[in-house]
Amino acid sequence: MSQDNKQSLQVGVIGLGAMGMGTASTLHQQGFNVTGCDISAQARDAFAAAGGQSVATPAELAHCHIVLVVVVNGAQAEQVLFGEQGVVSHLAPGSLIIQCATVAPSQAKQLGERLSAAGLMLLDAPISGGAAKAKSGELSVMASGAEEAFTYGQSVLDAMAAKVYRLGDAPGVGSSMKLVNQLLAGVHIATAAEAMALGIRMGLDPDVIYEVITHSAGNSWMFENRVPHILSGDYTPLSAVDIFVKDLNIVHQTGRELSLSTPVAASALQQFTAASGAGFGREDDSSVIKVYQRLSGITLPEAANDNQGA
């Protein structure tokens, strides 16, 4: 797409958190005319300072041809689309919604039906890769929807992602694939925390555990990525505990709808729920290891020590 065509395409991004801000900034840098939307004045100001336009309510995105929804959960997606200040009733027929939040497949299907009735297109397009890849335009997008929706949104998808997986012609398939990813991601993080806790309890040096495991068969992408947060004691939330409380609950809910038991995911969900209940919900998801600290008194790297209740 030429630069002039990019400028003529009005793109809205609802949700200027870590993933949304990175995506909006990438699209702006790629030459699209981007308007960011967030209830946080600080987030709006940050995007405006980077050269983008910003508004406080989704209804103010009425001029947009394509709107990305990059919010936390299904309830927020429902609100920004159909709420009192929702964007749906203000968009021109034929506009495209790219729904990027992790939601239940059943909700994604319902959104597709409701948007179609309103004369709008939907791509069910959950994203993966974290804030860093959102900022660099290297996300993975797991998308499903009608051919015309893909065609209309292709330039935006290409700008924000390193890989776009076209998984089907109807909403729900993209969200189903994201659930598979989130089940694995949540289980791997919880297991990495348990493995580190066991090694520490046995008296092993945490740094040596990391060095050995990352060169052994027990390694995983999540172990390699998250354990350094534990080693440095830095629980700045790149992805928070409460995200996996939400996502693994969706896995559990979907399993119930399908009469499919997910016992390993359920165990991981309990650990994240315990971490959230202990007050770590807004910390990095690697802080699930603090559950083991509380239960068994292991000593984590000094900066990470949780002294509450000690």
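Here, every reference points to the structure presented above.
Residues numbered from 1 in each chain as written. Predicted model: local features only at pLDDT ≥ 70, side-chain atom pairs only at ≥ 80, totals over all residues. Heavy atoms only, no water.

Q: Looking at this model, I keep getting lost on the sheet that holds strand β8 (residues 139-143). Mind explaining?
A: Strand pairing in a sheet relies on backbone hydrogen bonds, with the paired strands running either antiparallel or parallel. One open sheet accounts for three strands, arranged β7-β8-β9; its pairing is mixed. Each edge of the open sheet carries a strand with a single partner, namely β7 (127-128) and β9 (161-166). The sheet contacts of helix α7 (residues 147-160) involve β7, β8 and β9, and relative to β9 the element is tilted by about 160 degrees. Here helix α8 (residues 173-201) sits on the sheet in contact with β7 and β8, set at roughly 130 degrees to β8. (Pairing = 2+ DSSP bridges. Helix = DSSP H or I, 4+ residues; strand = E, 2+ residues; numbered from the N terminus. Contact = heavy atoms within 4.5 Å. Axes fitted to C-alpha atoms, helices over the stretch in contact; angles between N-to-C directions.)

Q: Would you take a moment to explain the nonpolar core for this structure?
A: As a rule of thumb, soluble globular proteins bury nonpolar side chains together. Core analysis: the largest hydrophobic core is formed by 36 residues, its most contacted members being Phe-223, Leu-248, Phe-272 and Ile-289. Mapped by element, the contributors of at least two residues to this core are α8, α9 (206-213), α10 (221-232), α11 (241-257), α12 (263-280) and α13 (290-296). Those residues in contact with Ile-289, other than ones at most four positions away along the chain, are Ala-193, Met-196, Ala-197, Ile-230, Tyr-235 and Leu-300. By size, the runner-up hydrophobic cluster in this structure holds 33 residues, among which are Val-34, Leu-96, Leu-157 and Met-160. (Core = buried A, V, L, I, M, F, W, Y, C linked by side-chain atoms within 4.5 Å. Buried < 20%, exposed > 50% of the residue type's maximum accessible area, 1.4 Å probe, protein only.)

Q: How do you make sense of the packing of aromatic side chains when you look at a structure like this?
A: Geometry of an aromatic ring pair is reported as the spacing of the ring centres plus the angle between the planes. Under the counting rule described, the total for this entry stands at two aromatic pairs. For the ring pair Tyr-210 and Phe-223, a centre distance of 6.1 Å and an interplane angle of 10 degrees mean the geometry is stacked. In this pair, Tyr-210 is assigned in helix α9 and Phe-223 in helix α10, connecting sequence segments 13 residues apart. An identical accessibility class is assigned to Tyr-210 and Phe-223; each is buried. Aromatic side chains Phe-244 and Phe-272 sit 5.4 Å apart centroid to centroid with 20 degrees between the ring planes, which places their arrangement in the stacked category. Separated by 28 residues along the polypeptide, Phe-244 in helix α11 and Phe-272 in helix α12 bring together distant segments of the chain. Residue Phe-272 is classed as buried on the basis of its relative accessible area, which comes to 0%. Over the ring of Phe-82 we find Arg-114; its NZ or CZ atom is 3.8 Å from the centre of that ring. Note that Lys-290 overlies the ring of Tyr-235, its terminal NZ or CZ placed 4.3 Å from the centroid. (Phe/Tyr/Trp six-rings, centres within 6.5 Å; stacked < 30°, edge-to-face > 60°. Lys NZ or Arg CZ within 6 Å of the ring centre and 35° of its normal.)

Structural measurements only, silent on function.
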